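Structural features, examined
One-letter residues, chain by chain:
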Amino acid sequence: MASVSLKNVKKTYRSGLEEVVAVENINLDIMDGELLVLLGPSGCGKSTTMRMIAGLEKITAGDIHINKRRVNDLNPSRRNIAMAFETYALYTHMTAAENLGFCLRARKVPKAEIDAKVSKIAKMLQLESILDKRPSELSGGHQQRLSLGRALIRNPDVFLLDEPLSHLDAKLRVQIRAEIRWLHNKLNTTMVYVTHDQIEALALADRIAIMNFGNLQQVGTPAEVFDRPANRYVATFLGEPAMNIVPGVLSTNQGTCSVNIIGKDVNLSPAKDLTSLFTAKAPDSTLSIGIRPQDITLMTGSETSADQQPLISGIVKVVEFIGEKYILTTRVKDEEIVSIHDSINGLREGDKAVLQFDKRKLHFFEDNDTGNAIRWE
Amino acid sequence: MASIELKNIVKDFGDVKALENLNLSIDEGEFIVILGPSGAGKTTTLKLIAGIEELTSGQLLIDGCDAASMKPADRDITMVFETYALYPHMTVWENMATPLRGRGSQMDPAAIDARVQKIARILRMEEYMTRLPSQLSGGQKQRVAMGRAMVREPKIFLLDEPLNHVDAKIREELRKELHLLRHTIKSTVVYVTHDYIEALSLGQRIAIINKGRIEQIGTPWDVYFRPANLFVASHIGQPEVNRFVGRSRLDGSSVHIDFPDLGHEIVLPSGQFPNDNMDGQKIVAGLRPQHVRLSETQDERYQLPAEIVIRENLRTELDLVLRTGKVKLTALESPEKDLPEGQQMFLHLPEKHLMFFSKNTESRIDYQPGN
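Worth saying up front: this structure is predicted, and the values here are computed from it rather than measured.

What counts and what doesn't
- Residues numbered from 1 in each chain as written.
- Chains lettered and ligands numbered in written order.
- Predicted model: local features only at pLDDT ≥ 70, side-chain atom pairs only at ≥ 80, totals over all residues.
- Heavy atoms only, no water.
- Helix = DSSP H or I, 4+ residues; strand = E, 2+ residues; numbered from the N terminus.
- Areas by Shrake-Rupley, 256 points an atom, 1.4 Å probe, with all protein chains shown as cover.
- Lys, Arg positive; Asp, Glu negative; His and termini not counted.
- Charge placed at Lys NZ, Arg CZ, Asp CG, Glu CD.
- Axes fitted to C-alpha atoms, helices over the stretch in contact; angles between N-to-C directions.
- Parallel < 35°, antiparallel > 145°, perpendicular 65-115°, else oblique.
- Left-handed = near helix turned anticlockwise from the far one by under 90°.
- Contact = heavy atoms within 4.5 Å.
- Pairing = 2+ DSSP bridges.
- Salt bridge = Lys/Arg side-chain N within 4 Å of Asp/Glu carboxyl O.
- Buried < 20%, exposed > 50% of the residue type's maximum accessible area, 1.4 Å probe, protein only.
- 1 Å grid on protein atoms, 1.4 Å probe; cavity = no way out; pocket = protein on both sides within 12 Å on 5 of 7 lines; lining within 4 Å.
- Points joined across faces, edges and corners; volume = space filled by probe spheres on them.
- Nonpolar A, V, L, I, M, F, W, Y, C, P; charged D, E, K, R; others polar.
- Domains from an automatic or database assignment.
- Polar contact = N/O pair within 3.5 Å; in protein donor to acceptor, adjacent residues only side chain to side chain.
- Phe/Tyr/Trp six-rings, centres within 6.5 Å; stacked < 30°, edge-to-face > 60°.
- Lys NZ or Arg CZ within 6 Å of the ring centre and 35° of its normal.

Each helix and strand counted, chain B has eight helices and 21 strands in total. Projecting the C-alpha coordinates of chain B onto the three principal axes gives extents of approximately 75 × 50 × 40 Å. For chain B, the accessible surface area stands at approximately 16,800 Å², while carbon and sulfur atoms represent 46% of it. Distance between charge centres in chain B, computed from 45 positive and 51 negative side chains, equals 3 Å.

All names here are of chain B. Two elements in contact, helix α2 (residues 92–101) and helix α3 (residues 109–122), have axes separated by 10 Å at closest approach and are oriented at 130 degrees. Looking at the two axes, α2 sits oblique to α3. Seen from above, α2 lies across α3 with right-handed handedness. Counting all contacts with α2, which are made through Trp93, Met96, Ala97, Leu100 and Arg101, the residues of α3 involved are Ile112, Asp113, Arg115, Val116, Gln117, Ile119 and Ala120.

The next thing to look at is the sheet that holds strand β6 (residues 77–80) of chain B. All names here are of chain B. In space, the six strands of this open sheet follow the order β6-β7-β8-β3-β9-β10, with mixed pairing throughout. At either end of the open sheet lies a strand with only one pairing partner, and these are β6 and β10 (213–218). Each neighbouring strand pair of the sheet contributes to a mean axis angle of 15 degrees, computed without reference to strand direction. In this sheet, strand β7 (residues 156–160) lies alongside β6 in parallel orientation, the contact comprising four bridges. Residue pairing across strands places Ile77 opposite Ile156, the latter belonging to β7. Here helix α4 (residues 138–150) sits on the sheet in contact with β6 and β7, set at roughly 175 degrees to β6.

Right, let's talk about the pattern of salt bridges for a bit. A full pass over the atoms with the stated rule returns 32 salt bridges over all chains. With a closest N to O distance of 2.6 Å, Glu320 of chain A and Arg175 of chain B form a salt bridge. Taken together, the residues span two chains, with Glu320 of chain A in strand β16 (residues 311–321) and Arg175 of chain B in helix α5 (residues 168–184). A single burial state applies to Glu320 of chain A and to Arg175 of chain B, both of which are buried. Between Asp358 of chain A and Arg360 of chain A there is a salt bridge, with its nearest N and O atoms 3.1 Å apart. According to the relative accessible area criterion, Arg360 of chain A is exposed, its value standing at 60%. Each of Lys317, Arg331 and Glu336 of chain A together with Arg124 and Glu177 of chain B takes part in one network of salt bridges that share partners.

With an omega of -10 degrees, the peptide bond between Glu240 of chain A and Pro241 of chain A qualifies as cis. Counting through the fold element by element, Pro241 of chain A comes out in the loop between α8 (232–237) and β11 (244–253). Pro239 of chain B follows Gln238 of chain B through a cis peptide bond whose omega is -5 degrees. Along the chain, Pro239 of chain B falls in the loop between α8 (230–235) and β11 (242–251). Even without being glycine, Arg124 of chain B reaches a positive phi, approximately 55 degrees. For Arg124 of chain B, the position within the fold is in the loop between α3 and α4.

In this structure, the second largest pocket occupies an estimated 920 Å³ of space. What lines the second largest pocket is a set of 30 residues, and nearest its centre among them are Glu336 of chain A together with Arg124, Arg143, Glu173 and Lys176 of chain B. Only β11, β17 (326–332) and β18 (335–341) of chain A together with α4 and α5 of chain B provide two or more residues apiece to the lining of the second largest pocket. The element best represented in the lining of the second largest pocket is α5 of chain B, accounting for seven residues. Split by residue class, the lining of the second largest pocket holds 10 nonpolar, five polar and 15 charged.

A few words on the packing of α2 of chain B against α4 of chain B. Residues and elements named next belong to chain B. Interaxial distance between α2 and α4 falls to 7 Å at its minimum, and their mutual angle equals 30 degrees. Our classification of the angle between α2 and α4 gives roughly parallel. Of the two possible hands of crossing, α2 and α4 adopt the one that is right-handed. Where α2 abuts α4, its residues Val92, Asn95, Met96, Thr98 and Pro99 lie against Val144, Gly147 and Arg148. Broken down by class, the residue content of the contact of α2 with α4 amounts to four nonpolar, three polar and one charged.

Bringing the sheet that holds β18 of chain A into the picture now. Residues and elements named next belong to chain A. Strand order in the open sheet formed by five strands is β15-β19-β16-β17-β18, with antiparallel pairing between adjacent strands. The strands lining the two open edges of the sheet, one partner per strand, are β15 (296–299) and β18. The mean inter-strand angle of the sheet, taken between neighbouring strand axes irrespective of direction, is 45 degrees. As defined by bridge partners, β16 adjoins β17 across six bridges and the pair is classed as antiparallel. Note on β17: the bridge partner recorded for Val318 is Thr329.

Once that is clear, we can look at the domain arrangement of chain A. Residues and elements named next belong to chain A. Domain parsing of chain A yields domain 1 (4–237) and domain 2 (244–366). Of note, the centres of domain 1 and domain 2, computed from C-alpha atoms alone, are 40 Å apart. Counting residues at the interface gives seven residues for domain 1 and six residues for domain 2. At the surface where domain 1 touches domain 2, the tally comes to zero salt bridges. Where domain 1 packs against domain 2, one counts three residue pairs in polar contact (both at pLDDT 80 or more). Listed by contribution, the elements that provide at least two residues to the side of domain 1 that touches domain 2 are α7 (222–227) and α8. Taken together, the residues of the side of domain 1 that touches domain 2 sort by class into three nonpolar, two polar and two charged.

Let us now look at the packing of aromatic side chains. Following the criterion strictly, the structure yields 12 aromatic pairs over all chains and no others. Ring plane angle 70 degrees and centroid distance 6.3 Å describe the contact between Phe244 of chain B and Phe259 of chain B, whose orientation is recorded as edge-to-face. Residue Phe244 of chain B is located in strand β11, and its partner Phe259 of chain B is located in strand β12 (residues 254–259); the two are separated by 15 residues in the primary sequence. Residue Phe244 of chain B is classed as buried on the basis of its relative accessible area, which comes to 3%. Looking at Phe259 of chain B, the relative accessible area reads 4%, which means it is buried. Members of the aromatic cluster, connected to one another through ring pairs, are Phe321 and Tyr326 of chain A together with Trp221, Tyr224 and Phe225 of chain B. Over the aromatic face of Tyr13 of chain A sits the side chain of Lys11 of chain A, whose NZ or CZ is 5.2 Å from the ring centroid. Here the guanidinium or amino end of Lys11 of chain B rests over the ring plane of Phe13 of chain B, the centre of that ring lying 4.9 Å away.

Written out as structure tokens, the structure reads:
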């Protein structure tokens, strides 16, 4: 077990005459025993970051410490790190047991000790019944578990996993995901897990580090990054369907604070921390407003708005039935609002829909390129 | 628009049977989705329709005419593949206009431009018409590929997993565009995917295919709520449908179904099974995770004790795996109820949401629950 710390770590490549920044000045402290997920789209620098921790990529600037030891110049083999890849490179000519024990044999560990360790790991990963089989005779799930087992048997300080589930089908992915989580709870090994799949990140992580364009966007628990995203990028990357982002205009009128959202004045006055927002911003400043599709209720028409929650109405453009739920895309003025509902009372494309959103669950972002979140309570 | 009829289609690749006696008739102007796992025969079906592959036996009718006598070029079909092949040296406009500017084209430039602009508007690519493919995102490139296929407005439009290689956000967006397309293009559309959400969202009807055979053809509502067999039930919906193996017996006008692994018996009026003799049948009951009900206290309805073994809070839903008796089952709860692992719960399996299948044939048993 070990902590991992990245201080001002930077990675640039030379591509022809140009210098390309893969990872920009990253600062990240991974705690001892933590399962940290590096999440982001392809090309965001998450795999590069992991490979720098492993020592497979040289860092351009900064410091990496593992267990408080500076490892910048240490070979991968001397960092006591294990890595499992997207494709599990198992030795096809060896049985499962031989695969598990391979690296211990290579280190000349006594046979009795190897056998004991192999059977312990096999028991933990429920591989006992297939120890005599070769990889080609195993299911995808067993192969993946075997690959995890082979990495874990060395008792590494840090366990790195690079998209280990992306080649598995949906059903197996869910199963192995739960097993990785279970394994982590049991071993308490520090794990760094790279993925582009936000669901995987939310399901697995103690904390998530979200990256984009080589920059760290936010680090936090799944609840923090989902409920209090640091910026518009994080807000729209997490959650499916994606968070709606619509323009809003601040207005202060006789001491009340309100925001105009797609032509609708929404009074936010009881909110405590809004004062800061309204003092920092001139009246009539524009903001980006975020509304999660799950936080929108479809009104059937007969009821009145509860708790004076704002209503907006528009014309339904798309109705998508996706099984238990329906996704509605509603045109409100020039904006399209996506919402998700258990039932839609026979609503069809072209009909008028009245949507109610929960103003306590609105998200506010700066109306600029970075789109930093504006906090309020 | 054209109708397509596949009759007793067999397709072999050497010793491998890709399609076994496939029957499917597609109406003029219909948007049909072929859904199935990889290797099911989906793409082969598309290629047969397009004339890229020849069928081993059976008959393919396009607008009632035997396609065997038609050359691929005469079928008036366009196909969009999973990977988009755009001309890198041409702008978006030029890429989209190529099918209209080919040799022998009778269209005048103004008409071509009008057509390209119309499709660009539908696909929201108007602002990008002068860009080169290298200046576009993956989603935009896929739009151009679709646009190029659409400018001709073919009789038949074949799409092979067009959203497979784009990331989740773009997929969501393009799915919506495709949805709108259903109203704007007149072509008959055959759309292949392995993603059940795409199928439910887009298909007027869905044909579920497995190992070269059709398992069910029906509306999205049908295949989701009245799956023809266990394969369809478990292929549509995530997390997968829960299954419980049981045995039924008839007692007067009641059907008793005992689930030994669950330690549970349910009793239903025999009238709710109008077409089957429910005496001494081996049964698989299915219940979707969304319909498993949980309570922290035991009562008449919530009888079955169960322990939470896995809990995943996905923020928009709470996915739970529970162990009860010898069975593990999945349940979905609202994320606000942050129930911990190890917690003891009591289950209610609502009768009206149960589905029943024969254990031997895996086919659906007609069940009409009361209200």
